[in-house]
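Spelled out, the chains give:
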Amino acid sequence: QVQLVSSGGGLVQAGGSLRVSCTASGRTYAMGWFRQAPGKEREFVAAINWSGTSTTYSDSVKGRFTISRDNAKHAMYLQMNSLKPEDTAAYYCAATVWVSNVVAVTGAEYDIWGQGTQVTVSS
């Protein structure tokens, strides 16, 4: 019963930075970040494979966000720079427990989810 815990959200001004974290209670394989704003569907943000050698980003965050992981700590991170008001959302981390070294970019591919951490960017 691997569980994910996300943290690090907060309130920042436009142009600022935040780093959100996700810690798993055990080994995971593909990992990723999704976000959801009120009244909107969940949106893919970024994903990383088990070895950390391959990453994928949505067009809206490419060049501003960086995903990384530390398997020794069962942890994943999302460094968010040059934040915009449209980045405001609850950010959810996700992971798979099925063994692979692929990048997963759809929610249906993930087995477990964190509780979410709120990121609010003011104008």
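Just above, that's the structure.
Predicted, not measured: the structure shown is a model, and the values here were computed from it. (Residues numbered from 1 in each chain as written. Predicted model: local features only at pLDDT ≥ 70, side-chain atom pairs only at ≥ 80, totals over all residues. Heavy atoms only, no water.)

1. Concerning the pairing of strand β5 (residues 43-48)
Here β5 lies mainly inside the structure; 5 of its 6 residues are buried. Judged from the 5 bridges that link them, strand β4 (residues 31-36) and β5 form a sheet pairing that is antiparallel. For Arg-35, the partnering residue across the bridge sits in β5 and is Glu-43. Bridge count for β5 against strand β6 (residues 55-57) is 3 bridges, and the pairing is antiparallel. Bridge assignment links Ala-46 to a residue of β6, and that residue is Tyr-57. (Buried < 20%, exposed > 50% of the residue type's maximum accessible area, 1.4 Å probe, protein only. Helix = DSSP H or I, 4+ residues; strand = E, 2+ residues; numbered from the N terminus. Pairing = 2+ DSSP bridges.)

2. Brief notes about the nonpolar core
One finds Trp-33, Leu-78, Met-80 and Tyr-91 to be the most contacted residues of the largest nonpolar core, which totals 27 residues. For this core, the secondary-structure elements that each account for two or more residues are β3 (18-24), β4, β5, β7 (65-70), β8 (75-80), β9 (89-95) and β11 (117-122). Residues in contact with Leu-78, not counting those within four places in the same chain, are Leu-18, Arg-19, Val-20, Trp-33, Val-45, Ala-46, Phe-65, Thr-66, Ile-67 and Tyr-91. Judged by nonpolar contacts, the second largest core, of 7 residues, contains Ala-30, Phe-44, Ala-94 and Tyr-110. (Core = buried A, V, L, I, M, F, W, Y, C linked by side-chain atoms within 4.5 Å. Contact = heavy atoms within 4.5 Å.)

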